[in-house]
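Listed here are the chains, written in short residue letters.
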Amino acid sequence: MAQNIYDTPEFFEGYSRLGRSVHGLAGAAEWPVIRSLLPDLKQKRVVDLGCGFGWFSRFAAEKGAASVLGLDLSEKMIARAKAENAHPAIAYDIADLERVELPQAAFDLAYSSLAFHYLEDFGRLVRQVHAALVPGGKFVFTIEHPIYMASANPGWRTDEAGRRFWPVDGYSVEGRRTTDWLAKGVLKYHRTVGTTLNTLIDDGFTIRRVVEWRPSEEQIAANPDLAEEMDRPMILMVSAER
């Protein structure tokens, strides 16, 4: 079973204060690029894997999706999604993505934002998604970039000359990483870019687009703090097709 860190009070309170939690998709700097990877959602059957507060689920419904299934391990997340992002086309449910059994050939789009790096067995989920999509169905997801999460002690460092850098030690050593983010002892699972993409290919997906996200010049001008994202990739985006 995946770690349910989101239901711990300390983590949930901290996560609820993040810009993307308060402002939804507009609070996620990477959203404009993600949106460019999405197909037309009109009349599509969508599954939102790790739906959180339900911001994308509601977006899909409001763009005309025929149905949206939002799944998340966190009871608190699902409760907030039902309270704040309800829509007649959306069904929210609690599910562990490590063990989820998706209905076969039931969806046109599988979507996920920043959830799969919490899964130990990514391959199992990929097989589930492949079976759940109709032929030609799309799979669009984002994860923490493997460069960002590879180190056992991630974070900016400064060398003797005063130059800032991000460590990538242990990049080829895949597996568990324990970090302190919003709470202590958050479990994540590092996989290289190659492993991530080859898992998709080996299980029958065609890769359509891979993006190592960075902010635009306009975004940096509006929010100078985003300039640090130019020094190492934080988010990996993948668009694949069944």
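That block above? That's the structure.
Residues numbered from 1 in each chain as written. Predicted model: local features only at pLDDT ≥ 70, side-chain atom pairs only at ≥ 80, totals over all residues. Heavy atoms only, no water.

Asker: I'd love a proper account of helix 8 (residues 193–202), names of residues and values included.
Answerer: What helix 8 keeps buried is the set Thr196, Leu197, Thr199 and Leu200. Looking straight down helix 8, one finds that the buried residues subtend no more than 155° of arc, so they occupy a single side. Check the buried side of helix 8 and you find it contacts helix 6 (122–132), strand 5 (133–144), strand 10 (206–212) and strand 11 (235–241). At the C-terminal side of helix 8, Gly204 shows a positive phi close to 100°. (Buried < 20%, exposed > 50% of the residue type's maximum accessible area, 1.4 Å probe, protein only. Helix = DSSP H or I, 4+ residues; strand = E, 2+ residues; numbered from the N terminus. Arc of directions from axis to C-beta. Contact = heavy atoms within 4.5 Å.)

Asker: Describe the sheet that holds strand 2 (residues 67–72), naming the residues involved and giving the relevant values.
Answerer: In space, the seven strands of this open sheet follow the order 3-2-1-4-5-11-10, with mixed pairing throughout. At either margin of the open sheet sits one strand with a lone partner, and together these are strand 3 (90–94) and strand 10. Each neighbouring strand pair of the sheet contributes to a mean axis angle of 15°, computed without reference to strand direction. Direction of pairing for strand 1 (residues 45–49) relative to strand 4 (residues 107–113): parallel, over a ladder of three bridges. When the sheet's bridge partners are listed, Asp48 is paired in strand 4 with Tyr111. Contacts between helix 5 (residues 75–84) and the sheet are confined to strand 2 and strand 3, with strand 3 contributing the most and set at about 165° to the helix. (Pairing = 2+ DSSP bridges. Axes fitted to C-alpha atoms, helices over the stretch in contact; angles between N-to-C directions.)

Asker: Quick one: what's the story with the packing of aromatic side chains, residue by residue and with numbers?
Answerer: Applying the stated criterion across every chain, the model contains twelve aromatic pairs. Taking 6.0 Å as the distance between ring centres and 35° as the angle between the ring planes, the aromatic pair formed by Phe56 and Phe59 counts as tilted. Taken together, the residues Phe56 and Phe59, both in helix 4 (residues 55–62) and three residues apart, mark about one turn of the helix. Phe59 carries the same exposure label as Phe56, and that label is buried. Relative to Tyr111, the ring of Phe56 has its centre 3.6 Å away and its plane inclined at 20°; by these criteria the two rings are stacked. Pair noted here: Phe56 is in helix 4 and Tyr111 is in strand 4, with a separation of 55 residues, a long-range link. Ring pairing ties together the aromatic residues Phe116, Phe122, Phe139, Phe141 and Phe205, which thus form one cluster. Cation over ring: Arg80 sits above Phe53, and NZ or CZ is 4.6 Å from the ring centre. (Phe/Tyr/Trp six-rings, centres within 6.5 Å; stacked < 30°, edge-to-face > 60°. Lys NZ or Arg CZ within 6 Å of the ring centre and 35° of its normal.)

Asker: Go over the pairing of strand 11, please, and point to the residues and values.
Answerer: Counting buried positions over the seven residues of strand 11 gives seven, a clear majority of the element. Here strand 11 shows a buried face lined by Ile235, Met237, Ser239 and Glu241 and a second buried face lined by Leu236, Val238 and Ala240. Two strands pair when backbone bridges link them, and strand 5 and strand 11 are joined in this way by seven bridges, in the antiparallel orientation. Note that in strand 11 the partner of Ile143 across the bridge is Leu236. Where strand 10 and strand 11 come together, six bridges link them in antiparallel fashion. The partner of Arg209 across the bridge, within strand 11, is Ser239.

Asker: Quick one: what's the story with the environment of Asp72, residue by residue and with numbers?
Answerer: Tracing the sequence through the fold places Asp72 in strand 2. Each C-alpha atom of the pair Asp72 and Val134 lies 22 Å from the other, and the pair is 62 residues apart in sequence. In this structure Asp72 touches Gly50, Cys51, Gly52, Met77, Ile78, Asp93, Ile94 and Ala95, once residues within four positions along its chain are discounted. At a separation of 3.3 Å, a polar atom in the side chain of Asp72 contacts the main-chain amide nitrogen of Cys51. (Polar contact = N/O pair within 3.5 Å; in protein donor to acceptor, adjacent residues only side chain to side chain.)

Asker: Break down the side chain of His145 for me, with residues and values.
Answerer: Relative to the elements of secondary structure, His145 occurs in the loop between strand 5 and helix 7 (146–149). Note on His145: relative accessible area 0%, which makes it buried.

Asker: For the pattern of salt bridges, give the residues involved together with the corresponding values.
Answerer: Enumeration according to the criterion identifies eleven salt bridges in this entry. As a salt-bridge pair, Glu241 and Lys138 come within 4.0 Å of each other at their nearest N and O atoms. With Glu241 in strand 11 and Lys138 in strand 5, this residue pair connects regions lying 103 residues apart in the sequence. In this structure, the salt-bridge partner of Arg163 is Asp159, at a minimum N-O distance of 3.0 Å. Note on Arg163: relative accessible area 56%, which makes it exposed. A relative accessible area of 27% places Asp159 in the partly exposed class. Through salt bridges with shared partners, a single network forms among Lys138, Arg208 and Glu241. (Salt bridge = Lys/Arg side-chain N within 4 Å of Asp/Glu carboxyl O.)

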